[in-house]
Amino acid sequence: MVHMADASRILRRVSLDIKVAVFFLTLVLILKANTLGLPYYEDGLSLYVPAAQWISENSMNPFPPDNLGAGHPPLFLFILAISFSVLGRGLFVGHMVIMLFCFVAVFFTYLCGKEMHDARTGFIAASLLLFSPLFFAQSGMVNVSVPLAAMTMVTFYLMLKRRLGAYILSASALILFHELGVYAVFIMGIYMATKREWLYLSPCSVYVVWMTINAHVYGYLLNPIPVSYTHLRAHETSLHLV
């Protein structure tokens, strides 16, 4: 009877999570449907889409020329490139990828809130994220900001659940989406290290491997332009990390 009661509670939780997932997925599709035909602009036009197209045209080589990739890690570009190869180069393809990451960010915010407190808290947190002006605007643009937020929330959730193997994969992917992801991984790893769970720091090694590959492919560890930009705006970077 005890096992039956436990199974019933698990089924109710899963059922609730599925309902919430369907709700937010539907909401994202409805709210962002009008962005599917928008032209690319800003970083999407000048960086991410051209680099992804180059990758799709060059045997899925994940290292585009320096003037296209801007020295960023290649995973997000690679995902875009696969999407272009499979679905074509219509404007809707890039925007659909961002919409899916938007849903992932929102849903895993719900899961994190639920894990830390309860389902109501998670639902409110996810709703606030979706309707926050900056996130809502960025989710209509083809750049790495929303995917980076999504992978951060996935990684944070896996840390909360103590799922080490999945956490290492997710944290490694987070770093390979954008180099700034290493800050989030480092902070999570330090938090877990205080609990003597040192392996949560191990994905930071991916950052070192990526820099080593950069040195071999491009001739530098970090692209000097983004590094200079971060250095010049160190005060803002510090505030964002806090």
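Computed from a predicted model, the values in this text were never measured in an experiment.

**Description of the overall build of the protein**
So, point 1. Looking only at helices and strands, one finds 13 helices and 0 strands in the protein.
So, point 2. From first element to last, N terminus to C terminus, the protein shows the α and β order α-α-α-α-α-α-α-α-α-α-α-α-α.
So, point 3. Here the protein holds 242 residues, and the buried ones make up 42% of them.
So, point 4. Of the contacts formed within the protein by residues at least 6 apart in sequence, a portion of 67% connects residues at least 24 apart.
So, point 5. Counting only carbon and sulfur atoms, one obtains 71% of the accessible surface of the protein, whose full area is about 13100 Å².

**Comments concerning the side chain of serine 83**
So, point 1. Mapped onto the fold, serine 83 is located in helix H4 (residues 75–87).
So, point 2. A relative accessible area of 14% places serine 83 in the buried class.
So, point 3. Among all residues touching serine 83, those that are not within four sequence positions of it are Gly88, Val93 and Val97.

**Considering the confidence of the model for the protein**
So, point 1. Across the protein, the average pLDDT comes to 86, with 85% of residues at 70 or higher.
So, point 2. Segment residues 228–237: pLDDT under 50, and 1 contact once partners within four positions in sequence are set aside and those in other chains are kept.

**As for the environment of tyrosine 183**
So, point 1. If you trace the backbone, tyrosine 183 turns up in helix H10 (residues 181–193).
So, point 2. Classification of tyrosine 183 by relative accessible area gives partly exposed; the value is 36%.

**Side note on H10**
So, point 1. Compared with an ideal rise of 1.5 Å per residue, which puts 13 residues at 18 Å, H10 spans 18 Å between its outermost C-alpha atoms and is within 8% of the ideal.
So, point 2. Burial in H10 covers these residues: Gly181, Val182, Ala184, Val185, Met188, Gly189, Met192 and Ala193.
So, point 3. Those residues of H10 that are buried are in contact with helix H8 (145–160), helix H9 (164–177) and helix H11 (204–217).

**Remarks on unusual backbone geometry**
So, point 1. The phi dihedral of serine 59 is positive, around 55 degrees, even though this residue is not glycine.
So, point 2. Counting through the fold element by element, serine 59 comes out in the loop between helix H2 (43–57) and helix H3 (66–69).
So, point 3. One non-glycine residue, arginine 196, adopts positive backbone phi at about 65 degrees.
So, point 4. Tracing the backbone shows arginine 196 in the loop between H10 and H11.

Cut-off values and rules
- Residues numbered from 1 in each chain as written.
- Predicted model: local features only at pLDDT ≥ 70, side-chain atom pairs only at ≥ 80, totals over all residues.
- Heavy atoms only, no water.
- Helix = DSSP H or I, 4+ residues; strand = E, 2+ residues; numbered from the N terminus.
- Buried < 20%, exposed > 50% of the residue type's maximum accessible area, 1.4 Å probe, protein only.
- Contact = heavy atoms within 4.5 Å.
- Areas by Shrake-Rupley, 256 points an atom, 1.4 Å probe, with all protein chains shown as cover.
- pLDDT = per-residue confidence, 0-100.
- Expected span 1.5 Å × (residues − 1).

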